[in-house]
Amino acid sequence: MAYGQKSGIDSWNQGVAPDGRIVKSKTKPLLRAWEWQVEAACRGMKSSVFFSPPRERGSARKRREDGARAVCIACPVRLDCQNFAETYRQQYGVWGGTTERERRDRT
Ligand code: SF4
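Because the structure is predicted, anything quoted here is derived from the model rather than measured. Starting from 1, residues in each chain are numbered consecutively following that chain's sequence as written. It should be noted that, the model being predicted, local features are given only for residues of pLDDT at least 70 and side-chain atom pairs only at 80 or more, the latter also being counted only at that level, while totals for whole chains, interfaces and linings use all residues.

A.B. asks: I would appreciate a short explanation of the site of the ligand in the present structure.
C.D. replies: Near, for a residue, is defined by distance from a backbone-placed C-beta atom to a molecule or strand, with 6 Å as the limit that must not be exceeded. Contacts to the ligand come from 14 residues, most closely from Ala40, Cys42, Cys72, Cys75 and Cys81. Strands here are runs of E lasting at least two residues and helices are runs of H or I lasting at least four, both read from the DSSP assignment and numbered beginning at the N terminus. Secondary-structure elements contributing two or more residues to the shell around the ligand are helix 1 (58-72) and helix 2 (78-87). Only Asp, Glu, Lys and Arg are considered charged, only Ala, Val, Leu, Ile, Met, Phe, Trp, Tyr, Cys and Pro nonpolar, and every remaining residue, Gly among them, polar. For the shell around the ligand, the class distribution of residues is 11 nonpolar, 2 polar and 1 charged.

Structure below.
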């Protein structure tokens, strides 16, 4: 199953992680401003896919960011996510397929 693809059962929050695992989440966003996250390809995934551990640098950072971008590229709410990150100036992590450095360089 591809990212964002619906299944017949609990369709809104199921996807496939980069390592092939099926990931599910029963949590629902509480705020309307976050409603787009219901369709996010990353729902239920570990935040460590998108956010760096302390002192991550060089090729390790690039590998993690490339893995995060691979999730984002097929995400149906990618533009909502990117707009959210820019609007609310998210300083850390990969949002909408953009890295923290890319967002910082745009401003
Ligand atoms: S675009 Fe945003 S919501 Fe979609 S997978 Fe990437 S980080 Fe998650």
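The rest of the description comes next.
A.B. asks: Explain the environment of Thr98 to me, please; I cannot follow it from the model alone.
C.D. replies: Within the secondary structure layout, Thr98 lies in the loop between helix 2 and helix 3 (100-106). In this scheme the burial state of a residue depends on its C-beta neighbours within 10 Å: 20 or more other such atoms mean buried, 12 or fewer mean exposed, and anything in between means partly exposed; the C-beta positions come from the backbone. Taking the number of C-beta atoms within 10 Å as the measure of exposure, Thr98 has 23 and is therefore buried. The sequence separation of Thr98 and Cys72 amounts to 26 residues, and the corresponding C-alpha distance is 8.9 Å. Here, residues touch in the contact sense if the C-beta positions derived from the backbone fall within 7 Å of one another. Look past the residues within four positions of Thr98 in its chain and what remains in contact with it is Gln82, Ala85 and Arg103.

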